[in-house]
Amino acid sequence: LYKLLSPSEYSRPNRVPFNSQGSNPVRVSFVNVNDQSGNGDRLCFNVGRELYFYIYKGVRKAADLSKPIDKRIYKGTQPTCHDFNHLTATAESVSLLVGFSAGQVQLIDPIKKETSKLFNEERLIDKSRVTCVKWVPGSESLFLVAHSSGNMYLYNVEHTCGTTAPHYQLLKQGESFAVHTCKSKSTRNPLLKWTVGEGALNEFAFSPDGKFLACVSQDGFLRVFNFDSVELHGTMKSYFGGLLCVCWSPDGKYIVTGGEDDLVTVWSFVDCRVIARGHGHKSWVSVVAFDPYTTSVEESDPMEFSGSDEDFQDLHFGRDRANSTQSRLSKRNSTDSRPVSVTYRFGSVGQDTQLCLWDLTEDILFPHQPLSRARTHTNVMNATSPPAGSGGTNPGSNGNSITTPGNSVPPPLPRSNSLPHSAVSNAGSKSSVMDGAIASGVSKFATLSLHDRKERHHEKDHKRNHSMGHISSKSSDKLNLVTKTKTDPAKTLGTPLCPRMEDVPLLEPLICKKIAHERLTVLIFLEDCIVTACQEGFICTWARPGKVGLLSSQNQANSPSGTVV
């Protein structure tokens with residue numbers, strides 16, 4: 001049960017919903033300044049032309065919107081994205097990069113209230129909108145900026161941008177990418193220019209060790225580079241349309257993307273292939289993020305459970321303990337050196353105003369079981385799915401809570417996917433996949449017949465979903481003209497770049513819940529809560545199970561609370 005803490009809602013001081021038509025997505029950045037009070041979290045968010053910097057009190061205390069540490073209003077351009085340097089942050093000073101719709105990047109210190117530098121000021125380097133800006137991991141001075149032109153630039157805060165347009169020299173070229181160095185007598189910005197794919201470069205993310213860079217573009221491709229050697233490690237193509245967001249698993253082994261095909265796609269970094277797709281959203285997926293606090297990779301002795309019972313429940317969200325033990329025992333004789341128990345939790349939010357939580361379990365990651373057995377378990381799960389709309393919500397819930405189906409009685413049959421599954425709420429339910437748009441488990445091996453039934457079910461409410469599976473040669477040609485890519489979508493479908501829907505496991509979300517009135521643009525997992533934000537400019541805090549704290553008892557009685565299940 002994730003509880004929405006209304007007193008912890010951050011927004012513009014007047015709390016009025018922002019009329020977001022035509023404006024850039026609301027984004028949120030966090031930093032911890034390690035101050036002595038134990039309340040070192042700071043957050044920055046942009047709404048329209050405005051940028052705010054607050055102390056973030058999270059689940060501990062109500063937000064005081066009347067006292068932003070810093071507030072800025074811009075003319076002629078809007079903030080589009082931002083990123084704190086976590087290495088240099090102190091209670092007296094933080095380095096915040098802000099990207100803008102007209103292409104500039106500003107370095108500011110919202111504590112000292114200083115505007116220290118403006119990059120690409122004359123827009124000689126790139127005139128297009130900044131889509132993503134991030135400090136290079138482990139660096140106090142290097143940062144990377146992506147633009148809707150499809151270019152990325154590496155900057156050093158110590159260097160100037162020059163008074164003339166930069167001249168470039170080719171450093172490395174590969175399939176659908178080129179990297180140039182800046183040719184000048186004295187060192188200047190940008191140090192490097194990356195040209196990646198066709199169309200806008202929508203987002204990039206550094207691997208946890210900082211050595212690799214994953215980029216997603218409007219041409220529908222995920223491209224993963226070795227950042228230092230500037231070499232392409234692997235690629236993946238979306239099922240349909242552009243890819244909008246990307247994230248890495250905490251151990252760097254998997255990448256999840258989301259985009260205009262309404263799917264989340266899980267890609268193995270080691271094997272360079274799609275290992276699963278997730279279907280739960282009814283519109284474009286705008287953010288994907290792993291939950292490092294629920295993700296668990298354990299390499300202990302198969303019969304040992306680390307930590308107390310309570311810790312175990314926290315980590316695994318009530319995964320069936322006996323079943324977990326069974327899966328560990330089954331791996332005891334395995335010659336593989338892989339961990340004995342693996343569960344990755346990730347989330348996604350979309351333009352359909354829904355939050356989805358997903359579990360990536362060992363049966364998806366290591367599909368070593370006989371297919372027929374796995375299908376049997378899939379069918380057992382589907383037969384007991386709650387009907388659409390129930391979503392596992394508790395009776396008497398006011399609709400503002402999200403319940404993961406984790407703490408109920410486990411089903412009598414051991415299931416191959418070891419996912420929490422609400423047997424109590426499903427008692428007597430006879431719904432099938434046709435009735436239940438949201439199954440509370442994971443359909444791992446999506447057989448052709450299962451896929452066809454899903455397609456028929458979704459045809460009514462979402463035509464694009466239906467047409468995706470049947471991209472005709474005519475529509476492919478049209479796509480090809482628009483993106484000018486060398487790869488014909490019809491030719492990539494059915495290849496390792498873009499497997500067919502029935503060729504990879506199809507995940508279903510643990511939960512899928514409408515949590516906003518406007519499209520969602522932010523999803524961040526913190527230790528004691530989940531933070532989401534929508535285009536109206538409201539930043540919401542959802543307390544994790546058992547983490548509601550004092551705020552709940554003091555303030556919740558007087559305000560409408562919510563829960564995500």
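Numbering of residues begins from 1 in every chain and follows the order in which that chain's sequence is written. Whole-chain, interface and lining totals are the exception, using all residues; otherwise, since this is a predicted model, local features are given only for residues with pLDDT of at least 70 and side-chain atom pairs are given and counted only at 80 or more. Excluded from the side-chain calculation are hydrogens and water; included are all heavy atoms of the structure.

1. Observations regarding the overall build of the protein chain
In step 1: The number of helices and strands found in the protein chain is nine helices and 34 strands.
In step 2: Accessible area is worked out with a 1.4 Å probe on protein chains only. A residue is then buried under 20% of its type maximum, exposed over 50%, and partly exposed in between. The buried share among the 565 residues of the protein chain stands at 57%.
In step 3: Any two residues whose heavy atoms approach within 4.5 Å are treated as being in contact. Within the protein chain, counting contacts between residues at least 6 apart in sequence, those at least 24 apart form 61% of the total.
In step 4: When the accessible area of the protein chain is evaluated, it comes to approximately 23,600 Å², of which 51% is carbon and sulfur surface. Helix and strand assignments follow DSSP, with helices taken as H or I runs no shorter than four residues and strands as E runs no shorter than two, numbered in order from the N terminus. In this description, accessible areas are obtained by the Shrake-Rupley approach with a 1.4 Å probe, and a residue is regarded as covered only by the protein chains that are shown.

2. Some thoughts on the environment of Leu-213
In step 1: Counting through the fold element by element, Leu-213 comes out in strand E17 (residues 212–217).
In step 2: Remark: the alpha-carbon pair of Leu-213 and Val-230, spanning 17 residues in sequence, is separated by 9.5 Å.

3. Details of the pattern of salt bridges
In step 1: Salt bridges are defined by distance alone: a side-chain nitrogen of Lys or Arg within 4 Å of a carboxyl oxygen of Asp or Glu. Per the counting criterion, the structure on display carries nine salt bridges.
In step 2: Linking Glu-50 and Arg-12 is a salt bridge whose minimum nitrogen-to-oxygen distance equals 3.7 Å. Taken together, the residues Glu-50 in strand E4 (residues 50–55) and Arg-12 in the loop between strand E1 (2–4) and strand E2 (28–32) connect sequence positions 38 residues apart. When sorted by exposure, Glu-50 lands in the same class as Arg-12, which is buried.
In step 3: The closest approach of N and O atoms between Glu-231 and Lys-172, which form a salt bridge, is 3.6 Å. Separated by 59 residues along the polypeptide, Glu-231 in strand E19 (residues 231–237) and Lys-172 in strand E13 (residues 168–174) bring together distant segments of the chain.
In step 4: Since its relative accessible area comes to 27%, Lys-172 is described here as partly exposed.

4. Some remarks on the UniProt feature "repeat: WD" (unreviewed entry) in the protein chain
In step 1: According to UniProt, the feature "repeat: WD" (unreviewed entry) maps to residues 236–268 in the numbering used here.
In step 2: Secondary structure over residues 236–268 splits into 0% helix and 61% strand, and the C-alpha atoms at its two ends are 10 Å apart. UniProt positions are given in the numbering used here, feature names are shortened, and annotations may be inferred rather than shown by experiment.

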